[in-house]
Amino acid sequence: MADNLITERIKNEINLNEVMLFMKGTPVFPQCGFSAAVVQILNHMGVKYGSSDVLADPEIRQGIKDFSNWPTVPQLYVKGEFVGGADILREMFEDGELEGFFDKAGIVREINS
Amino acid sequence: MPMAAKEIEMLIKEAIPDSEIHIEDLRGDGDHYLAHVTSRAFKGKTRVQQHQMVYDALQGRMGEELHALALQTKVRDTD
């Protein structure tokens with residue numbers, strides 16, 4: 001598939017999902033520790049998110065790295081903006097920045113009781 | 001073949017000369033590192049940009065030879 005088609009597919013997924021996670025595996029069955037870490041953080045934040053399993057889609061697996069100039073997966077996008085991978089998400093979470101970040105971006109968080 | 005910590009440090013130092021680098025081998029298997037990188041060059045850059053600078057220094061090895069390199073970057077403002 002031509003590069004621009006892959007880029008279009010990526011853009012489409014990012015625009016369709018306010019919070020979009022490109023990961024290895026699925027939220028229910030993450031296939032990599034780093035992907036699992038981001039899923040845990042997002043679930044804890046109580047945000048709804050779309051996900052794409054790059055293991056099931058080799059073109060997206062490479063395409064997403066070119067798209068963001070970021071060499072690894074997982075990759076999180078919020079409102080079309082690349083936020084980071086596991087390191088940055090974990091750092092933002094540990095610094096208590098993530099709640100404010102989602103609120104500022106207008107992302108609804110279901111506070112877990 | 002995983003990368004040696006020394007090689008990672010050398011590549012980062014080459015690209016970011018003023019950087020202070022401390023690399024931890026998280027699992028002792030030479031394949032899961034945590035690198036602390038402090039540099040004035042990070043000043044004014046977002047976390048993503050800071051990490052991209054380090055990945056660029058590794059010249060494409062990140063995600064290939066180097067499976068897992070966690071990064072913690074910090075701006076150095078003291079001399």
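What you see is a predicted model, and the numbers here were worked out from it, not measured in a lab. (Residues numbered from 1 in each chain as written. Chains lettered and ligands numbered in written order. Predicted model: local features only at pLDDT ≥ 70, side-chain atom pairs only at ≥ 80, totals over all residues. Heavy atoms only, no water.)

(A) Examining the pairing of strand S2 (residues 32-39) of chain B more closely. Residue and element names in this part refer to chain B. Burial within S2 is extensive, with seven of its eight residues counted as buried. The sheet contact formed by strand S1 (residues 20-25) and S2 spans six bridges and is antiparallel. Bridged to Ile 21 within S2 is Val 37. Counting the residues that bridge the hairpin from S1 to S2 gives six residues, and of these Gly 28 lies at a positive phi of roughly 70°. When S2 meets strand S3 (residues 68-75), the two strands line up parallel, connected through eight bridges. Pairing of His 32 across the sheet is with Ala 68, part of S3. With helix H2 (residues 47-57) bridging S2 and its parallel neighbour S3, the resulting β-α-β unit is right-handed. (Buried < 20%, exposed > 50% of the residue type's maximum accessible area, 1.4 Å probe, protein only. Helix = DSSP H or I, 4+ residues; strand = E, 2+ residues; numbered from the N terminus. Pairing = 2+ DSSP bridges. Right-handed = clockwise from strand over helix to strand, strands pointing away.)

(B) Representation of the environment of Ile6(A). Structurally, Ile6(A) can be placed in helix H1 (residues 3-16). Residue Ile6(A) is classed as buried on the basis of its relative accessible area of 7%.

(C) Broad picture of the pairing of strand S1 (residues 19-23) of chain A. Residues and elements named next belong to chain A. The buried count for S1 comes to five of five residues, which makes it a mostly enclosed element. Both faces of S1 are covered, namely the face carrying Val 19, Leu 21 and Met 23 and the face carrying Met 20 and Phe 22. Alignment of S1 against strand S2 (residues 50-53), held across four bridges, turns out to be parallel. From the neighbouring strand, Met 23 faces S2, where its bridge partner is Asp 53. Handedness of the crossover is the feature at issue here: the chain leaves S1, passes through helix H2 (residues 33-45), returns alongside S2, and the resulting connection is right-handed.

(D) Representation of the interface of chain B and chain A in the model. Every contact between the two is made by 13 residues of chain B and, on the other side, 15 residues of chain A. Carbon and sulfur atoms make up 55% of the area that chain B and chain A hide from each other, which totals about 1200 Å². Here Glu97(A) makes a salt bridge to Arg47(B), at a shortest N to O gap of 2.9 Å. Within the residue set of the side of chain B that touches chain A, elements represented by two or more residues are H2 and S3 of chain B. Top element by residues in the side of chain B that touches chain A is H2(B). It accounts for six residues. Broken down by class, the residue content of the side of chain B that touches chain A amounts to seven nonpolar, four polar and two charged. (Contact = heavy atoms within 4.5 Å. Buried area = accessible area lost by both parts, 1.4 Å probe. Salt bridge = Lys/Arg side-chain N within 4 Å of Asp/Glu carboxyl O. Nonpolar A, V, L, I, M, F, W, Y, C, P; charged D, E, K, R; others polar.)

(E) Expanded view of the sheet that holds strand S4 (residues 81-84) of chain A. All names here are of chain A. With respect to topology, four strands assemble into an open sheet ordered S2-S1-S3-S4, the strand pairing being mixed. This sheet does not close on itself; its edge strands, each paired only once, are S2 and S4. Pairwise comparison of adjacent strand axes, ignoring direction, gives a mean angle of 25° for this sheet. Taken together, the four bridges between S1 and strand S3 (residues 75-78) define a ladder with antiparallel strand orientation. Looking at the pairing, Leu 21 lines up with Leu 76 of S3. Taken strand by strand, H2 contacts S1 and S3, and its axis lies near 160° from that of S1. Relative to the sheet, helix H3 (residues 58-68) contacts S1, S2, S3 and S4, its axis offset from that of S3 by approximately 60°. (Axes fitted to C-alpha atoms, helices over the stretch in contact; angles between N-to-C directions.)

(F) Broad picture of the pattern of salt bridges. Considering all chains together, one arrives at eleven salt bridges over all chains under this definition. The network of salt bridges with shared partners includes Glu91(A), Asp95(A), Glu97(A) and Arg47(B).

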